[in-house]
Amino acid sequence: MFDHEEVAMELEAFTGALQRVRQDAGLSYRELADQAHYSHAHLVRATSGKQLPSWPVTVAFLSGCDVPAELLPIWRRHWEAAAGDPQDVSELVRAAATPEDLGAALTALTRPRSLRSLERLTGIPRATLQSWLRGGRVPRPDRLDQFIVALGASRTERLAFSDCVDRLAG
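In this report, the structure presented in the accompanying data block is examined. (Residues numbered from 1 in each chain as written. Predicted model: local features only at pLDDT ≥ 70, side-chain atom pairs only at ≥ 80, totals over all residues. Heavy atoms only, no water.)

This part takes up helix 9 (residues 126-134). Turning to helix 9, its buried residues number three or more, namely Thr128, Leu129, Ser131, Trp132 and Leu133. Looking at the buried residues of helix 9, the elements they touch are helix 7 (99-110), helix 8 (115-122) and helix 10 (141-150). Positive backbone phi, at 85°, marks Gly135, one or two positions downstream of helix 9. (Buried < 20%, exposed > 50% of the residue type's maximum accessible area, 1.4 Å probe, protein only. Helix = DSSP H or I, 4+ residues; strand = E, 2+ residues; numbered from the N terminus. Contact = heavy atoms within 4.5 Å.)

Going through the model one piece at a time under the given rule, you end up with three aromatic pairs. The ring of Tyr29 has Arg22 lying over it, and the distance from NZ or CZ to the ring centre is 4.0 Å. (Phe/Tyr/Trp six-rings, centres within 6.5 Å; stacked < 30°, edge-to-face > 60°. Lys NZ or Arg CZ within 6 Å of the ring centre and 35° of its normal.)

Here we come to the nonpolar core. Leu43 and Trp75 are the most contacted members of the largest nonpolar core, which totals 25 residues. In this view, Trp75 contacts Phe14, Ala17, Leu18, Val21, Trp55, Leu62 and Val67; residues no more than four positions away in its chain are not counted. The next biggest cluster of nonpolar side chains, apart from the first, holds 23 residues, and it includes Leu92, Leu106, Ile124 and Ile148. (Core = buried A, V, L, I, M, F, W, Y, C linked by side-chain atoms within 4.5 Å.)

For any two helices packed against each other, one specifies the inter-axial angle together with the distance between the axes. At a closest axis distance of 6 Å, the pairing of helix 7 and helix 9 adopts a crossing angle of 115°. Contacts between helix 7 and helix 9 involve Glu100, Gly103, Ala104, Leu106, Thr107 and Thr110 from the former and Trp132, Leu133 and Arg134 from the latter. Partitioning the contact of helix 7 with helix 9 into residue classes produces four nonpolar, three polar and two charged. (Axes fitted to C-alpha atoms, helices over the stretch in contact; angles between N-to-C directions. Nonpolar A, V, L, I, M, F, W, Y, C, P; charged D, E, K, R; others polar.)

As far as function goes, none of this settles anything; it's purely spatial.
This is the structure we're talking about:
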């Protein structure tokens, strides 16, 4: 079974580290926005712990806080750990025993995209996507396939998700 708490802890640790870097740099979010060339609101969301910021936002955030470029590869490894390994998506789906596990596997496939960008990409309403990602609802097979195809899922991932939905429905 997939450990949701572990994923949440990785995300919290990463976004918490970003917050500490900003605080250590002595910058307000507005000052950082001027340095990073992203909006104040965007940078606040990057450290909210609700979703992983994209790698370009992370680089801009760190650069705006004067983190040396030679440290970016270390940050990249931490970012990838918080994002989860995309190669593990099929394994997560195969191990999924509950709708919540399926939601965690879908979340791993969608990272680091926001609900808004997923809605634009797939045409599926944010409320529906959120319900799937939280495990509140198991998607219909055709809608799930539409969703994961739009995300560029491999044939192996598509089959794993289809088998998982059949397993959970049975």
